[in-house]
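One letter stands for each residue in the lines below.
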Amino acid sequence: MASPTITKTEKLVGKRIKRLEDPRLITGTATYVDDIQMPGMHHACIVRSPHGAARIKSIDVKGALDTPGVMAVFTGKDTESVGPVPCGASLPGLRVPHHHVLAIDRVYFIGHPVAVVVASDRYIARDAADRVEVVWEALPAVTDVEKALEAGAPAVHPEWPDNTAFNYHQEGGDVEGAFAEAEVVVKQRIISQRLVPNAMETRGVVADWRSGDKTLNLYSSTQIPHLMRTLVAQMLGLPENHLHVVTPEVGGGFGSKLNVYAEEALMGFVAMKIGKPIKWIESRRENFMCTIHGRGHVDYYEVAAKRDGTITAIRLKLIQDLGAYHQLLTPAIPTLSVLMMPGLYKCQNIKADIVGVFTNAVPTDAYRGAGRPEATHGIERMVDILAAELKMDPAEIRFKNFVGKDQFPYATATGLTYDSGNYSAPLEKALEMVKYTELRGEQQKAREQGKLMGIGISTYGEICAIGPSPATPAGGWESATVKIEPSGKVTVMTGVSPHGQGEETTFAQIAADELGVNLEDVSVLHGDTAIVQYGIGTFGSRGTAIGGTAMYFAIQELKEKVKKYGAMLLNSDDVTFADGKCTDNKTGKSKTLAEIAAASYRAMKLPPNTQPGMVATYFWEPPNFTFPFGAHIVVSEVDRETGEISIKRYIAVDDCGKIINPMIVDGQVHGGVVQGLGQALWEHAVYDDTGQLVTGEFMDYAVPRATKIPWIESAHTETPSPVNPLGVKGVGEAGTIGCSPAMVNSIVDALSPLGVRHIDMPLTPEKIWRLVHA
Amino acid sequence: MQKTINLTVNGKKYSDSVEPRLLLIHYLRDVLGFTGPHIGCETSLCGACTVNVDGKAIKSCSMFAVQADGRDVLTIEGLAKDGKLDPMQDAFWSEHAAQCGFCTPGMIMTAKQVIERNPNPTDEEIRHGIEGNICRCTGYQHIVNAVKAAAAKAGA
């Protein structure tokens, strides 16, 4: 007998639906990697380099091995056959250093792993790690990316004394011609400093070798379970179908877990050697030293324009601090910056030269925005500098240069096709929210009273839903399997790997609407390579735009099948499927989804050319990226005496296409903005000249805390994307991308009466005080 | 060297022999299996490990298990009663105050203390109260809303 009817007519997409994943998170019953315990499980502690650059003269592990409770110690010589740590990006002429999982004779950055101690208890492992005696010969290091390019700088890798990993050139239009004819040219060096992503859950791995099956179970806090399976299998020389990756609850990623690290393969190696489960949980200090950093740009911008404010050409020399190695996508990140160089503006003459530079530091890679915050910060600062030069209003110069809403799809000089947009709309809305004209009047009065009040605008565009496969290193499609179970309940298996974005809810909203079932009747599974078909993962604001679309198409296939079974059961050749039931258009009789699903599994009778069961799998290849956009405005004031900044208002108007769940979208915007404020105001990964990481703890590295954050006034315009049938564009990175230029433009505006034209991030009180008192 | 400790956790009595250097957070998580409180920094800077000891929110990475001898400990797992969520948990759910969820158990324990000490807090007082807990996902705004909502409900 079929289960009770489960149909609904109320649409869930577009509503503020409470998240389905929350009950386990608010009760402390979710399972993160460090929550996994297994019988006989051992613990690993990794011995790391205290030097930015050094030769390893010798390693003595005897003291560690003699410690009661220690089972094994492995050094680089033991793990030579493992790896290398993979770089998935390729560029012409790219120099790729061999990246061993444990260093063999030389270390290249603070925290570089050299040995792993395995013990029965995490305290013993850590004690014993201190008893591994390494004799070092410290070498000169270089951590400043421009100094690394100077003649005679210490060579990070001795085989490449110029520290240059690659040069990359991209050009569109007639840049030299435009500069020759320019009525005005503005130039500025702009830094996007190194940042530490700092997911609240550090990385962690549990590896469990099943010797009878010759299968490795690997539990890892990652954004890309399937890619990890493929790559770690290669590193360990295991058949891919003998590696099972499980992504349990993941406590944030922001790009830092879009990677395959040495430790994942290393723990697999250890588990296979010791025949016991092994756990490694990264300490926060290790997270600062050894998990990828973000940003690390020194950019030299030149913008050519007419005196009426029309931007005619943009030229950029981009120096990218790569760190000592390439992690998964390291060299590809600055190429994303180049793609987004024109921002929202119709400038068709673009030229960029990237030099990728090795330094004695942990590799940079994708961190929330990955290349687009740098590009947006660059163009949005340059537009303000140009406006100041021409004595134009920063809003007016933007309106003048926007790609018009009737120009889509719009081909950029960097080879992209912007899908859809109405770039004036969010700026108009933001100006209205802030009462711009009155506010400028208020600012005038404040200035007359000697106050340093600033109004900063940024209008950002971003490249999301990454992306079409030819544009990505590993395939840019996404997959979904949708099952209607015999009871009519719906199970979705998605290839994306959410870790805070709430897709168990948003996907359930879409599926519930499409199939006419209740939200609670949909279960969304992800992150286990033994359960879910191959998928790409969660990054680049792609989850809903690509993964959600794959699910949508799988559901459309199922709906056809449901109609076939429905027609058979109703003895009809004219049925409609809506609101969770199939209805005979002639008789009005209907069968519920549960009745139809049950019949498909019972299979007493099959419709012609139709298989039993109710399962569909869809791999969706997107035809294009999506291009969200928006406008942020920051109203601020600077304290002359202390250099301290106070944010009076923060307005964020974002257009991320169709909104599935406004509450989740607001959460993404708030979190993104606050990470942007972190970069603009406080955060900076600082290495000293010897390669020591000076800001290596929360004590020294200022992540935003609740008291420092303004109230964020969030609003939206909604321009659907034509790239996918859901009309969604992506929102995970928008806040971060829009924020930093608005914040910096606001403070530059505040200090402009003092002649200030540009300030590099972070805008620390000391830096501001010095400018005020210069 | 081991020391025997007797304490109450989430209303149940426990007696265990522990190393004096064992941190309370490791005792709760690894020995008793209360994995709700998390370890975000081990240096008392992030607050993910916050639990309640004798009525006070404390960071359990900065306290030894032996210091909890004879005390009454409440972790996130002890909040819901008979399957009914604590109003603060409910408010975190309704206001979308959790994203990745890693800071959430510690944040909820701290937030409860904020409204216990000040039943009608302003936004600023809430922000001050949760300043010792880092959340990297939410930007804090929905957390502030949740604490306000829980306070309003308690006062209603």
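Calculation notes
Numbering of residues begins from 1 in every chain and follows the order in which that chain's sequence is written. Whichever chain is written first is A, and whichever ligand is written first is 1; the rest continue in order. Totals for whole chains, interfaces and linings use every residue, but because this is a predicted model, local features are given only for residues with pLDDT of at least 70 and side-chain atom pairs only at 80 or more, for both listing and counting. Only DSSP runs of H or I reaching four residues or more are called helices, and only runs of E reaching two or more are called strands; each is numbered from the N terminus. Put simply, the radius of gyration uses C-alpha atoms, and a globule should come to 2.2 Å times the residue count raised to 0.38. Two residues form a contact once the distance between their C-beta atoms, set from the backbone, is within 7 Å. Either an automatic procedure or a domain database provided the assignment from which the domain bounds are taken. Residues were grouped as follows: Ala, Val, Leu, Ile, Met, Phe, Trp, Tyr, Cys and Pro as nonpolar; Asp, Glu, Lys and Arg as charged; and all remaining residues, including Gly, as polar. When buried Ala, Val, Leu, Ile, Met, Phe, Trp, Tyr and Cys residues are joined through C-beta atoms within 7 Å, the set is termed a nonpolar core. Residue burial is a threshold on neighbouring C-beta atoms within 10 Å of the residue's own C-beta, all placed from the backbone, with 20 or more meaning buried, 12 or fewer meaning exposed, and counts in between meaning partly exposed. For helices, the axis comes from a line fit to the C-alpha atoms of the stretch in contact; other axes are also lines fit to C-alpha atoms, and the angle between any two N-to-C directions lies between 0 and 180 degrees. Note that the term roughly parallel is reserved for angles under 35 degrees, roughly antiparallel for angles over 145, roughly perpendicular for angles of 65 to 115, and oblique for everything else. Crossings are assigned a handedness: left-handed for a near helix turned anticlockwise from the far helix by less than a right angle, right-handed for a clockwise turn. For two strands to be treated as a pair, DSSP must find at least two bridges joining them. A clockwise path from the first strand over the helix to the second, with the strands pointing away from the viewer, defines a right-handed crossover. In a helix, the anticipated span is given by 1.5 Å times the number of residues less one. The pLDDT score gives, residue by residue, the confidence of the prediction method on a 0 to 100 scale.

### Observations concerning the overall build of chain B
- Each helix and strand in chain B was counted, giving 5 helices and 5 strands.
- In chain B, the succession of helices and strands from N to C terminus is β-β-α-β-β-β-α-α-α-α.
- What you see for chain B is a C-alpha radius of gyration of 15 Å, in line with the 15 Å of a compact globule of 156 residues.
- Restricting to contacts in chain B with at least 6 residues of sequence separation, those with at least 24 account for 58%.

### Remarks on the domain arrangement of chain B
Residues and elements named next belong to chain B.
- Here the domain parsing of chain B yields domain 1 (3-77) and domain 2 (87-155).
- Relative to domain 2, the C-alpha centre of domain 1 lies at a distance of 22 Å.
- Sorting elements by how many residues they give to the side of domain 1 that touches domain 2 places strand β3 (residues 50-53) first, with 3 residues.
- Split by residue class, the side of domain 1 that touches domain 2 holds 7 nonpolar, 6 polar and no charged.

### What about the nonpolar core?
Residue and element names in this part refer to chain A.
- Residues A44, A115, V117, V270, A511 and M551 are the most contacted members of the largest nonpolar core, which totals 307 residues.
- Tallying contributions element by element places helix α14 (residues 543-570) first for this core, with 13 residues.
- When residues no more than four places from it in sequence are discounted, the contact partners of A115 are V47, I59, V61, V73, F74, T75, L102 and V132.

### Focus: the packing of helix α9 (residues 372-390) of chain A against helix α10 (residues 394-401) of chain A
Residues and elements named next belong to chain A.
- Remark: α9 packs on α10, axes separated minimally by 9 Å, with the N-to-C direction vectors making an angle of 115°. One finds that α9 runs roughly perpendicular with respect to α10. α10 is crossed by α9, and the crossing has right-handed handedness. Counting all contacts with α9, which are made through V383, D384, L386 and A387, the residues of α10 involved are P394, I397 and R398.
- Looking at the contact of α9 with α10, its residues break down into 5 nonpolar, no polar and 2 charged.

### Some points on unusual backbone geometry
Residue and element names in this part refer to chain A.
- A cis amide bond links G83 with the next residue in sequence, P84, at an omega value of 0°.
- For P84, the location among the structural elements is in the loop between β3 (70-75) and β4 (106-107).
- For the bond from I466 to G467, the omega torsion is -25°, close enough to zero to count as cis.
- Residue placement: G467 occurs in the loop between β18 (452-461) and β19 (478-484).
- Here the phi dihedral of K391 falls at roughly 55°; this positive angle occurs in a residue that is not glycine.
- For K391, the location among the structural elements is in the loop between α9 and α10.

### Some words on the domain arrangement of chain A
Residue and element names in this part refer to chain A.
- Segmenting chain A into domains produces domain 1 (22-30 + 477-620), domain 2 (33-139 + 202-250 + 257-290) and domain 3 (297-467 + 624-772).
- Centre-to-centre separation of domain 1 and domain 2, based on C-alpha positions: 39 Å.
- Residue composition of the side of domain 1 that touches domain 2, by class: 5 nonpolar, 8 polar and 1 charged.

### Section: the sheet that holds strand β12 (residues 278-281) of chain A
Residues and elements named next belong to chain A.
- What the 7 strands build is an open sheet, ordered β3-β5-β1-β12-β9-β10-β11; its pairing is mixed. Both edges of this open sheet fall to β3 and β11 (243-246), since each of them pairs with a single strand only. Between one strand axis and the next, the sheet turns through 20° on average, direction left out of account.
- Sheet analysis places β3 next to strand β5 (residues 113-119), joined by 5 bridges and oriented antiparallel. By the bridge assignment for β5, A72 is matched with V118.
- In the packing of helix α6 (residues 262-274) onto the sheet, contacts are made with β1 (42-48), β3, β5, β9 (204-210), β10 (215-220) and β12, and the angle to β9 comes to roughly 35°.

### Some details on the sheet that holds strand β5 (residues 72-74) of chain B
Residues and elements named next belong to chain B.
- Spatially, β2-β1-β5-β3-β4 is the arrangement adopted by the 5 strands of the open sheet, whose pairing is mixed. The sheet is open, and its two edges are formed by β2 (12-18) and β4 (56-59), each paired on a single side. Going from strand to strand, the sheet's axes swing by 40° on average, the running direction of each strand aside.
- Contacts from helix α3 (residues 104-117) reach β3 and β4, with the element oriented near 45° to β3.

### Some words on the interface of chain B and chain A
- Contact residues are listed per partner, giving 42 residues for chain B and 41 residues for chain A.
- Broken down by secondary-structure element, the contributors of at least two residues to the side of chain B that touches chain A are α2 (87-94), α3, α4 (123-129) and α5 (141-155) of chain B.
- Sort the elements by how many residues they give to the side of chain B that touches chain A and α2(B) lands first, with 4 residues.
- Each residue belonging to the side of chain B that touches chain A can be placed in one class, and the counts come to 20 nonpolar, 17 polar and 5 charged.

### Points about the pairing of strand β15 (residues 350-358) of chain A
All names here are of chain A.
- Judged by how many residues are buried, β15 sits mostly within the fold: 8 of 9 residues are covered.
- Here 8 bridges tie strand β7 (residues 164-172) to β15, and the two strands are oriented antiparallel to one another. Residue G172 lies in a different strand from β15, and its bridge partner there is I350.
- In this structure, strand β14 (residues 311-323) lies alongside β15, joined through 9 bridges in parallel fashion. Bridging from a neighbouring strand, L316 pairs with A352 of β15.
- On the question of chirality, the crossover connecting β14 to the parallel β15 by way of helix α8 (residues 333-339) is right-handed.

### Quick word on helix α16 (residues 662-682) of chain A
- Between its first and last C-alpha, α16(A) extends 29 Å over 21 residues, near the 30 Å set by a 1.5 Å rise per residue.
- Most of α16(A) sits inside the fold, with 18 of its 21 residues counted as buried.

### A closer look at the confidence of the model for chain B
- Mean pLDDT over chain B works out to 97, with 99% of the residues at or above the 70 mark.
- Interface confidence for the predicted complex, given as ipTM, is 0.98, next to a pTM of 0.97.

### A look at the pairing of strand β21 (residues 522-525) of chain A
Residues and elements named next belong to chain A.
- Residues V522 and V524 point to one face of β21 and are all buried, whereas S523 and L525, pointing to the other face, are not buried.
- Where strand β20 (residues 490-494) meets β21, 4 bridges bridge the pair, whose relative direction is parallel. Pairing of T491 across the sheet is with S523, part of β21.
- Note on the crossover from β20 through helix α13 (residues 503-515) to β21: the handedness is right-handed.

### Describing the environment of A:K279
All names here are of chain A.
- Following the sequence through the fold, K279 ends up in strand β12.
- When the C-alpha positions of K279 and Q37 are compared, they lie 8.7 Å apart, and in sequence the two are 242 residues distant.
- Look past the residues within four positions of K279 in its chain and what remains in contact with it is M41, H43, A44 and V206.

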